[in-house]
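An overview of the molecular structure
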Amino acid sequence: RRAAIFRATYGRDAVEPDIQTQTLAFVWEASYAYWQWVAAGGNYQIVQLLLEIAQQRNDGLKKRVDAGDLPQIELTDNQRLIVSRQAARIDAQRKLQQSAIKLSLFLRTPDGQPIVPTEKQLPTSFPEAPSVDSELMEGDFQRAMSRRPELVSLELLRLQLDVDLTQARNLYLPTVDATLFASKDIGGAASSRRDKTP
């Protein structure tokens, strides 16, 4: 019975590392969704800028073609480029919307409703990475390793297996059965020494 209690205790304690593992996975997936959205937003802004450049170039080419400085094929070729860039903008916009919807799985209002981020909420620049202090790195590494839920879970599993091993060794020991009897005579004297006393 004691072995079952120990196993149940370690099993109960093993739930917390599983929750921490799922929380870490959730944070990783949310971070990945966020940076996909940021990348899709940056791509959309670049494609939009390229389209605007092609449209501005078209105005200049039109003036030159009207003046007879360039053949009509140059203007036609640029218009084909504008159409392909418009298609690329539509594709980039669709990808931005898809990544925003995916990010909304992780962004919620206090009452649990999804928040779909807009293009205006995109960061204007990439954040600067903090500097790494090489003197603290080893301590940080050890602290991170000691907090890994997988290692805690493995340690609890080891403790459960130790209980099983101890119980198995105990079952191999010889069984010792002992019986104790106690009695008390009641009634009149049974001998002349009168040794039947309380």
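Here, every reference points to the structure presented above.
Described below are features of the structure shown in this document. These numbers come from a predicted model, not from an experiment.

1. Focus on the packing of helix 1 (residues 2-13) against helix 2 (residues 15-66)
Across the interface, helix 1 lies against helix 2 with an axial gap of 4 Å and an inter-helix angle of 15°. Our classification of the angle between helix 1 and helix 2 gives roughly parallel. Contacts from Gly-11, Arg-12 and Asp-13 of helix 1 reach helix 2 at Val-15, Glu-16 and Pro-17. Among the residues forming the contact of helix 1 with helix 2, the class breakdown is two nonpolar, one polar and three charged.

2. Some thoughts on the nonpolar core
Within soluble globular proteins, side chains that are nonpolar generally end up buried alongside one another. Ala-33, Trp-37, Val-38, Ala-40, Tyr-44, Val-47, Ala-92, Leu-96, Ala-100, Leu-103 and Leu-122 together form the largest nonpolar core, which totals eleven residues. Only helix 2 and helix 3 (72-104) provide two or more residues apiece to this core. Of the residues forming this core, the biggest block, six residues, is contributed by helix 2. Dropping the residues within four chain positions of it, Ala-100 is found in contact with Trp-37, Val-116 and Pro-117.

Quick notes on the rules
Residues numbered from 1 in each chain as written. Predicted model: local features only at pLDDT ≥ 70, side-chain atom pairs only at ≥ 80, totals over all residues. Heavy atoms only, no water. Axes fitted to C-alpha atoms, helices over the stretch in contact; angles between N-to-C directions. Helix = DSSP H or I, 4+ residues; strand = E, 2+ residues; numbered from the N terminus. Parallel < 35°, antiparallel > 145°, perpendicular 65-115°, else oblique. Contact = heavy atoms within 4.5 Å. Nonpolar A, V, L, I, M, F, W, Y, C, P; charged D, E, K, R; others polar. Core = buried A, V, L, I, M, F, W, Y, C linked by side-chain atoms within 4.5 Å. Buried < 20%, exposed > 50% of the residue type's maximum accessible area, 1.4 Å probe, protein only.

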